[in-house]
Amino acid sequence: MTDPDPDPDPDATAHEAAPPVSDPMWRDILEGTFPGFGTGRRWFRMIPTSPRCKLCAAPFAGPGAPVMRLMDRGPWVKNPAICGYCFRELERRHGGAEIELSLLFADIRGSTGLAESMGAGPFRRLMDRFYHVATDVLVGHDAIVDKFVGDEVMALFIPALTGADHAGRAVATARGLLAATGHHDRGGPWAPLGIGVHSGPAYVGSIGGTVTDFTALGDTVNVTSRLASAAAAGEILVSADAAKKAALDDSIETRHLTLRGRTQSLDVRVLRD
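Source: prediction; values computed, not measured.

**Q** Could you clarify how one ought to interpret unusual backbone geometry in this entry?
**A** A negative phi holds for most residues other than glycine; trans holds for most peptide bonds. At D142, a position not held by glycine, the phi torsion is positive, near 65°. Structurally, the position occupied by D142 is in the loop between α7 (120-140) and β4 (144-149). Take D142: its relative accessible area is 7%, and that puts it in the buried class. Residue A247 is not a glycine yet carries a positive backbone phi of 55°.

If you want it as structure tokens, here you go:
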């Protein structure tokens, strides 16, 4: 009798299970050590006018801006502080690298109830306002806006933009998001946020098939998402790894969490508005 479910080819299985390969060029770009950026900066710095690409210094305004746009060096959609040329060519290709970075997830608490009580039109306007405000805060702190999904935003803080202090930038951004959404206001926030911040290794690059996306993958991403889900409105939950890298005070409240879907518990620092 023929086995109806033969064992799969072991080499094929191993290939499918293999982790993504870290490309040295991707790593150099994500960590800000790619030599091409330095060469470009020396030339583009000679062209007056700001703002500029934070990586290659290509001007976004002034007499040089039209020429820069012809060279695909206009603002990048995921962070308009960076020119499209610096990342778009890589974004079109499959590949990436595992690097150390920090991530931030923030979502609106009670959005289901808000949508029910406000109605579709006002709720859409609320979400539009949240997307615009969050983007301004994130870009202003050198984050890459990875994506908005419903009532949640995901952002990456990579060394190429933040230097070694990516965790400190992520924590400062989280505080900025609470302030920008009204958590310091007497009347309370117009968008009650719960935020998670975590640091660690993740695979960052161009992911997908016919349609690709510049994003991050790995346990560090999953942990950050779980932290945001566990944060109450007005809370920032910062993992112990991120807190150490951001040099947070040891006196800040520590909470011991068991995150959904994980076997290991996690210590987090709790920051409030």
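After that view, the rundown keeps rolling.
**Q** Can you help me understand the packing of helix α6 (residues 111-118) against α7 in this one?
**A** The axes of two packed helices give the description: the angle between them and the distance between them. Where α6 meets α7, the axes come as close as 7 Å, and the angle between the chain directions of the two elements is 135°. For the element pair α6 / α7, the angle class is oblique. Seen from above, α6 lies across α7 with right-handed handedness. Mapping the contact onto sequence places S111, L114, A115 and M118 in α6 and A120, P122, F123 and L126 in α7. Within the contact of α6 with α7, the residues separate by chemical class into seven nonpolar, one polar and no charged.

**Q** Which parts of the structure should I look at to understand the environment of S199?
**A** Following the sequence through the fold, S199 ends up in strand β6 (residues 193-208). Judged by relative accessible area, which is 1%, S199 ranks as buried. Sequence separation of S199 and A243 is 44 residues, and the distance between their C-alpha atoms is 8.6 Å. Dropping the residues within four chain positions of it, S199 is found in contact with E100, L101, S102, H166, A167, T220, S239, D241, A242 and K245. Only 2.5 Å separates the side chain of S199 from the side chain of S102, close enough to count as a polar contact.

**Q** I tried to follow the pairing of strand β10 (residues 266-272) on my own but got confused; where do I start?
**A** Across a regular strand the side chains alternate sides, sitting on one face of the sheet and then on the other. The element β10 is extensively covered by neighbouring structure, given that five of its seven residues are classed as buried. Strand direction decides the pairing type here: strand β8 (residues 235-239) and β10, joined by five bridges, are antiparallel. By the bridge assignment, I236 is partnered in β10 with L271. Relative to β10, strand β9 (residues 254-257) is paired through four bridges, and the arrangement is antiparallel. Each bridged residue has a counterpart across the sheet, and for R255 the counterpart in β10 is V268.

**Q** Whenever I open this one, the pairing of β4 confuses me. Can you help?
**A** In this sheet, strand β5 (residues 152-157) lies alongside β4 in antiparallel orientation, the contact comprising five bridges. The residue bridging K147 from the neighbouring strand is M154, located in β5. The loop that links β4 with its antiparallel partner β5 comprises two residues; one of these, G150, has a positive phi angle of about 60°.

**Q** Is there a simple way to think about the nonpolar core in this case?
**A** A general trend in soluble globular proteins is that nonpolar side chains are found buried together. Counting residues in hydrophobic clusters, the biggest one holds 36 residues, and the most contacted among them are L104, L138, L177, I195, V197 and V238. At the level of secondary structure, the elements contributing two or more residues to this core comprise β3 (95-108), α7, β5, α9 (166-180), β6, β8 and α11 (240-245). Apart from residues no more than four positions distant in its own chain, L138 is found in contact with L104, A143, V145, V153, A155, F157, T173 and L177. Among the nonpolar cores identified, the runner-up in size contains 33 residues, and I99, A160, F214 and V221 belong to it.

**Q** Could you clarify how one ought to interpret the pattern of salt bridges in this entry?
**A** It is possible for side chains of opposite charge to pair when their charged atoms get near one another. Scanning all chains against the criterion turns up 10 salt bridges. When the shortest N-O distance is used, the salt bridge between D146 and K147 registers 2.4 Å. Take K147: its relative accessible area is 28%, and that puts it in the partly exposed class. One salt bridge in this structure joins E235 and R272, with 3.5 Å as the shortest N-O distance. Of this pair, E235 sits in strand β8 while R272 sits in strand β10, placing them 37 residues apart in sequence. Connected via shared salt-bridge partners are E235, E253, R255 and R272.

**Q** Whenever I open this one, the side chain of D146 confuses me. Can you help?
**A** Of note, D146 is situated in strand β4. Here the side chain of D146 touches K147 through a polar contact of 2.4 Å, side chain to side chain. A polar side-chain atom of D146 sits 2.7 Å from a polar atom in the side chain of T215. Excluding anything up to four places from it in sequence, D146 contacts K78, M154, A155, L156, D213, F214, T215 and A216.

Analysis parameters
- Residues numbered from 1 in each chain as written.
- Predicted model: local features only at pLDDT ≥ 70, side-chain atom pairs only at ≥ 80, totals over all residues.
- Heavy atoms only, no water.
- Helix = DSSP H or I, 4+ residues; strand = E, 2+ residues; numbered from the N terminus.
- Buried < 20%, exposed > 50% of the residue type's maximum accessible area, 1.4 Å probe, protein only.
- Axes fitted to C-alpha atoms, helices over the stretch in contact; angles between N-to-C directions.
- Parallel < 35°, antiparallel > 145°, perpendicular 65-115°, else oblique.
- Left-handed = near helix turned anticlockwise from the far one by under 90°.
- Contact = heavy atoms within 4.5 Å.
- Nonpolar A, V, L, I, M, F, W, Y, C, P; charged D, E, K, R; others polar.
- Polar contact = N/O pair within 3.5 Å; in protein donor to acceptor, adjacent residues only side chain to side chain.
- Pairing = 2+ DSSP bridges.
- Core = buried A, V, L, I, M, F, W, Y, C linked by side-chain atoms within 4.5 Å.
- Salt bridge = Lys/Arg side-chain N within 4 Å of Asp/Glu carboxyl O.

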